[in-house]
Amino acid sequence: HTKSPRTIANHTEALQEVMNYLLDTENQIIESPSDIKAVGHRVVHGGEMFKDSVLIDDDVTAAIEQAFDLAPLHNPPNLRGIQAAQKNLPDIPHVAVFDTAFHHSLPNKAFLYGIPNRLYRRYKIRKYGFHGTSHYFVSRQYYKETGKKAQDTKVITCHLGNGASIAAVDGGKSVDTSMGFTPLSGLVMGTRSGDIDPSILFYLIEKEELTLANVHALLNRHSGLLGVSGYASDMRDLIEEADNGDRRCQQAIDLFCYKIKQYIGSYIATMNGCDAIIFTAGIGENSPLIRQESLAEMDYLGIEVDEEKNNNAERGTVQKISTNSSKTDVFVIPTNEELVIAIDTAKIAMAADQSPWV
Ligand code: ADP
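Residues numbered from 1 in each chain as written. Predicted model: local features only at pLDDT ≥ 70, side-chain atom pairs only at ≥ 80, totals over all residues. Heavy atoms only, no water.

### Some thoughts on the layout of surface pockets
When its volume is computed, the largest pocket comes out at roughly 1,200 Å³. Along its surface, the largest pocket is lined by 37 residues, and F181, T182, L184, S185 and L219 are the ones closest to its centre. Counting residues per element, the ones that place at least two in the lining of the largest pocket are α5 (117–123), α7 (199–207) and α8 (212–221). With six residues, α8 is the largest single contributor of residues to the lining of the largest pocket. The residue makeup of the lining of the largest pocket, split by class, is 20 nonpolar, 11 polar and six charged. In this structure, the second largest pocket occupies an estimated 580 Å³ of space. (1 Å grid on protein atoms, 1.4 Å probe; cavity = no way out; pocket = protein on both sides within 12 Å on 5 of 7 lines; lining within 4 Å. Points joined across faces, edges and corners; volume = space filled by probe spheres on them. Helix = DSSP H or I, 4+ residues; strand = E, 2+ residues; numbered from the N terminus. Nonpolar A, V, L, I, M, F, W, Y, C, P; charged D, E, K, R; others polar.)

### Observations concerning the side chain of N310
Mapped onto the elements, N310 comes out in helix α14 (residues 307–311). What N310 contacts, discounting residues up to four positions off in sequence, is P288, R291, Q292, V305 and I321. (Contact = heavy atoms within 4.5 Å.)

### Some remarks on the packing of helix α1 (residues 11–23) against helix α3 (residues 75–88)
Look at α1 against α3: their axes get within 8 Å of each other, and the N-to-C directions meet at 55°. What the angle tells us is that α1 and α3 run oblique. The two elements α1 and α3 cross, and the hand of that crossing is right-handed. Contact with α1, carried on its side by H11, T12, L15 and Q16, involves P77, R80, G81, A84, A85, K87 and N88 of α3 and no other residues of that element. For the contact of α1 with α3, a count of residues per class yields four nonpolar, five polar and two charged. (Axes fitted to C-alpha atoms, helices over the stretch in contact; angles between N-to-C directions. Parallel < 35°, antiparallel > 145°, perpendicular 65-115°, else oblique. Left-handed = near helix turned anticlockwise from the far one by under 90°.)

### Topic: the environment of L73
Looking at the element boundaries, L73 is found in the loop between α2 (58–66) and α3. Judged by its relative accessible area of 57%, L73 is exposed. Taking the C-alpha atoms as reference points, L73 and V44, 29 residues apart in sequence, are found 9.6 Å from one another. (Buried < 20%, exposed > 50% of the residue type's maximum accessible area, 1.4 Å probe, protein only.)

### Regarding the site of the ligand
Every one of the 13 residues lining the ligand counts as a neighbour, but N162, D234, M235, R236 and G282 are closest to it. The backbone of G163 places a nitrogen or oxygen atom 3.5 Å from an oxygen atom of the ligand. D234 places a polar side-chain atom, nitrogen or oxygen, 2.4 Å from an oxygen atom of the ligand. Calculation on the ligand without its partners gives an accessible area of 590 Å², and the protein chains cover 70% of this total. In terms of residue count, the dominant contributor to the shell around the ligand is helix α12 (residues 281–286) (four residues). When grouped by side-chain class, the residues that make up the shell around the ligand number four nonpolar, six polar and three charged. (Near = heavy atom within 4 Å. Polar contact = N/O pair within 3.5 Å; in protein donor to acceptor, adjacent residues only side chain to side chain. Areas by Shrake-Rupley, 256 points an atom, 1.4 Å probe, with all protein chains shown as cover.)

### Quick look at the sheet that holds strand β6 (residues 173–177)
In spatial order, the strands read β6-β5-β4-β7-β9-β8; together these six strands make up an open sheet with mixed pairing. Of all strands in the sheet, those bounded by a partner on one side alone are β6 and β8 (319–320). Here β8 runs beside strand β9 (residues 329–332); their pairing, made up of two bridges, is antiparallel. Considered in β9, the bridge of Q319 is made with V332. Here helix α6 (residues 132–146) sits on the sheet and contacts β4 (154–160), β5 (164–170), β6, β7 (276–280) and β9; the angle it forms with β4, its principal contact strand, is near 130°. (Pairing = 2+ DSSP bridges.)

### Structural notes on the state of the cysteines
In this structure the tally under the stated criterion is zero disulfides. The closest cysteine sulfur to the non-disulfide-bonded C158 is located on C274, 8.8 Å from its own sulfur. A relative accessible area of 11% places C274 in the buried class. (Disulfide = S-S within 2.5 Å.)

### Comments concerning the nonpolar core
With 45 residues, the main nonpolar core has I156, L160 and I264 as its most contacted residues. Only β4, β5, α10 (235–243), α11 (247–271), β7 and β9 provide two or more residues apiece to this core. By residue number, the principal contributor to this core is α11, which donates 11 residues. Apart from the residues lying within four places of it in its own chain, the contact partners of I156 are I166, A167, I264, Y267, I268, M271, C274, A276, I277 and I278. One finds V138, Y142, A276 and V340 within the second-largest nonpolar core, a separate group that totals 13 residues. (Core = buried A, V, L, I, M, F, W, Y, C linked by side-chain atoms within 4.5 Å.)

Quick look at the structure:
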């Protein structure tokens, strides 16, 4: 992981740099571009179209473009990345893996908002959910680890990074998740507000004469842990300052954990039970404090964290941190979105291209 900062004009040039790095004999990664048999692309928003990963063709490209409106910050650069990679590696399959796909199984009552139905029909305003590859991966790791069958199992997966979301996974399928139409809703995040009363916006637009761009920046970049603490978006910094006695940093941590606890409680109700709660991503994998606080005082629901196991959980491995008497298992499971993308890509590319290449 060496860093070599430089100015790069566009995605095509950036991909060329990546190719140079991969081909550099010192790095010993690949010997020739022909060693690359397929490219997998993470695409944030698949709209309502994609419930699985797909081989990218003109129709798929057009559908990603159609979802520009839904994810203006993510889909346009995603598509530029795809086109740049196709330019660099034109003769091999390219596969799109969507962050929304795993949540395609949400039932109507979980994805509809309480607004006029014509807005759903006309603009597809509904909950989509994100971090799908991560929720998918850690739930599968849990089945593998415990030997439980997906169809008989109810799990709640907590992906807690800079962006954070929780999913209810019943019978192997996502049945609800905390992010919504965009990745702004749900939990309090590093710089995103998560759920707020929408009337706050009308009020603020009037009081502070905010423009649309101001409101967008306020909720996406200046809110969340950063906004509440007035200090930092990074959980490590907040924990350190809270330890030094900073009250607002402590409030930001408390709010973060409280929202997690509330979502977990609501998803236990959604699924009428829960076999396991899984923590993953930067905060979920690394912070015993946040795991402990989020699950504190939930013994009524049968959730008991073993303090010692939680504090001593070895990083980078699957760890069970609940007590033996806990009705619900609590696990820390490192996520691996890249692996999901690689496996999906290999499967789809092999199916598309019959020539043996592995
Ligand atoms: P992204 O969503 O950008 O991929 P990550 O999953 O890498 O983010 O998570 C980043 C978050 O993880 C940051 O808030 C960071 O402070 C937090 N984090 C990493 N290590 C620790 C730790 N040891 N204790 C608490 N938080 C941590």
